[in-house]
Amino acid sequence: MTIKPYSAAALSLILAFGLCAASLAERHALLVGVGQYQSPRISALEGPKNDVAALQNVLRERWGFAPQNIRTLVDGQATRTNILGALDRLSSETKAGEHVFIYLSGHGTSARDRHTQFPLPDTSGAFLPVDFPGSGTLEQQIENLIVGRRDLRPLLKQLDKDRKLFVAIDSCYSGNAVRGLYRSALPTQRFQPRYAALHTRAASALADPDLCGYRCGTRQDEPYPYQNVFFLSAASDDETALDLPHSALTAKPQGAFTNALLHVLSGHRNADGNHDGTISYGELHQAVKVFMESERYPHTPQMLPKLNDDANTLAARALFEQPHSPPSNDVDSKLNDALTIHIASASMPQSRYTELVSALKSLPGIALVKDQPEVTISTQGRDLLLISGAGDLIARLENPGLQELVRRVQRQRWIKQWLQTPINEAKFNISLALTDGTRGITVVEGEMVAFAVQAEQPAYLLLLHIDSLATVVNVLYPYTPQELEPLPADRSLQIPESDLIVVTPPFGTDQLVLYGFDQLPAILRKLMGQTVPLDSPLLKELKTQLASSENSVARVSFKLISVPRQLGSN
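Residues numbered from 1 in each chain as written. Predicted model: local features only at pLDDT ≥ 70, side-chain atom pairs only at ≥ 80, totals over all residues. Heavy atoms only, no water.

Engineer: I would appreciate a short explanation of the pairing of strand β22 (residues 451–455) in the present structure.
Structural biologist: Side chains on a regular strand alternate between the two faces of the sheet. Here β22 lies mainly inside the structure; 5 of its 5 residues are buried. A two-sided burial pattern is seen for β22, the buried positions comprising Phe451, Val453 and Ala455 on one face and Ala452 and Gln454 on the other. Here 5 bridges tie strand β19 (residues 430–434) to β22, and the two strands are oriented antiparallel to one another. Each bridged residue has a counterpart across the sheet, and for Leu432 the counterpart in β22 is Val453. With 3 bridges connecting them, β22 and strand β25 (residues 493–495) associate as antiparallel partners. Paired with Phe451 across the strands is Ile495, a residue of β25. (Buried < 20%, exposed > 50% of the residue type's maximum accessible area, 1.4 Å probe, protein only. Helix = DSSP H or I, 4+ residues; strand = E, 2+ residues; numbered from the N terminus. Pairing = 2+ DSSP bridges.)

Okay, here's the thing in structure tokens:
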């Protein structure tokens, strides 16, 4: 993606659900899992019942939830009436100041879902209860969904007044996944989608006020609707959430998002980024996101409120207020310097396949594998495609020679090494996200985007960008001398501040890395506004300063997937 400024109004925000935390109080949970639907038209899921059972155990054993305070609704119990009734009863069963965890696992949909295409509100997803009919009139089906804006928001609003809510949903918010477009080229298929392919919508449905009416609303700016609700979703409204089958990673089938969540909650993944002895909701989101990326799960967890809409700093509040020392085993954190590659032999002539194998085998730090590679090399016509383990396009090389491909693979290894560069780790967190969460991490040609950044303490910022061709590193921030000033603690900053970025070719995976320094390093003045090659002496100097004891450094990375308009259009 090429970075080009474009003057425009601020990007709109998407709203759906939300959370909060702080004071040792009773903890309550409602855990819902639907895998075996009554309608034969809706595919079964193996994961949800296991998701609920595993969460029930970890909440009880590690997070101070009394068994009598955990209610579960699984499969046949999880009717629309039962789910909404249980949510409603939380108002009378809990008291002011108490923590409430609400979790839903199963099939989901949204207005962007091509597989169901219900005329739903643009700003809300929907969950399929076990008794969702899967047939009948469009009106009947919509009335039997659990729609976030219509059904969940009023119930959450009741609790939001004085309870502290954490809402997590492991389902698809859209079958319209513009991510994972190249998954068919991957050597293995590890996932089952959590959407129901019903194909229900008539062409004129969205224009029918009797079907859409008050439910539809518009995609418009509005404040985050909650004071005390923090929300995590398995995927954006443009992505499918997926089930994992039984494997070495999961003893039983499980939702990919829930699997990552459990790794954090059970202590197998250290989420305490600032080493303060607690795990905040923002740290939870970051740890889940990083784990899913490391396992190459093909969707990205989203949090609400977004960084630039978190007026009550919910992301900074402690998860369930830490009833004990937080888990910190971090047994999953393994750095692997080698870049694993699979060559899709079925997609190319044997002579070209043999040539590629020979060339890549000779490269240091490259491991050719068959299963679960970080990069798959495939062909499309005369072009070569580099595809991530999650099925996203990393880069398209147009009719490349062998040496051009070898150089691009070497640059991909350089990116991996750069992201693992040792740093003198700071005791504060920084955050980086798109200001508009409607796409998750996927943007479409012609769209205008910006990034939101935030730091827990005053910090000097450095934001680096590497596009899909990976020939240079762009310094997006600081760009002017004024931007050498520290960002105040807990203040959200938009980058660029006044102009937006237009999504243009080259398409594929862009990598962004944000650093926060507790003191102004001299290298920032040298890097300000620069575009430098990967072997630049400036980057070598930066690498040295990142590990220097003179600076305390926080770091966070962000992948941005850009696609041509014809692939990302609805």
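On we go.
Engineer: Could you clarify how one ought to interpret the pairing of strand β24 (residues 472–477) in this entry?
Structural biologist: Of all 6 residues that make up β24, 5 are buried, and the element is covered over most of its length. Across 3 bridges, strand β23 (residues 460–466) lies against β24 in antiparallel orientation. Note on β24: the bridge partner recorded for Leu464 is Val475. Pairing analysis gives 3 bridges linking β24 to strand β28 (residues 531–533), with the strands arranged antiparallel. Note on β28: the bridge partner recorded for Val473 is Val532.

Engineer: When you look at the packing of helix α2 (residues 80–93) against helix α4 (residues 148–160) in this model, what are you seeing that I'm missing?
Structural biologist: When two helices pack together, their arrangement is captured by the angle between the axes and the distance separating the axes. In contact at an axis separation of 8 Å, α2 and α4 are set at 20° when each is read in the N-to-C sense. Here α4 runs roughly parallel to α2, going by the angle between their axes. As for the relative orientation of α2 and α4, their crossing is left-handed in sense. Contacts between α2 and α4 involve Arg80, Leu84, Leu87, Asp88, Leu90 and Ser91 from the former and Arg150, Asp151, Leu152, Leu155, Gln158 and Leu159 from the latter. A class-by-class count of the residues in the contact of α2 with α4 yields 6 nonpolar, 2 polar and 4 charged. (Axes fitted to C-alpha atoms, helices over the stretch in contact; angles between N-to-C directions. Parallel < 35°, antiparallel > 145°, perpendicular 65-115°, else oblique. Left-handed = near helix turned anticlockwise from the far one by under 90°. Contact = heavy atoms within 4.5 Å. Nonpolar A, V, L, I, M, F, W, Y, C, P; charged D, E, K, R; others polar.)

Engineer: Help me out: how do you make sense of the sheet that holds strand β18 (residues 393–397) in this one?
Structural biologist: Two modes of strand pairing occur in sheets, parallel and antiparallel, and in both the strands are linked by backbone hydrogen bonds. Judged by pairing direction, the sheet is mixed, and its 5 strands sit side by side in the order β15-β14-β16-β17-β18 without closing on themselves. On the outer flanks of this sheet lie β15 (366–368) and β18, each paired with one strand and no other. Neighbour-to-neighbour, the strand axes of this sheet turn through a mean angle of 30°, independent of strand direction. Across 3 bridges, the pairing between strand β14 (residues 339–343) and β15 is parallel. Opposite Leu339, over in β15, you have Ile366 as the bridge partner. Across the sheet, helix α8 (residues 350–361) is in contact with β14, β15, β16 (375–380) and β17 (383–388); its angle to β14 comes to roughly 165°.

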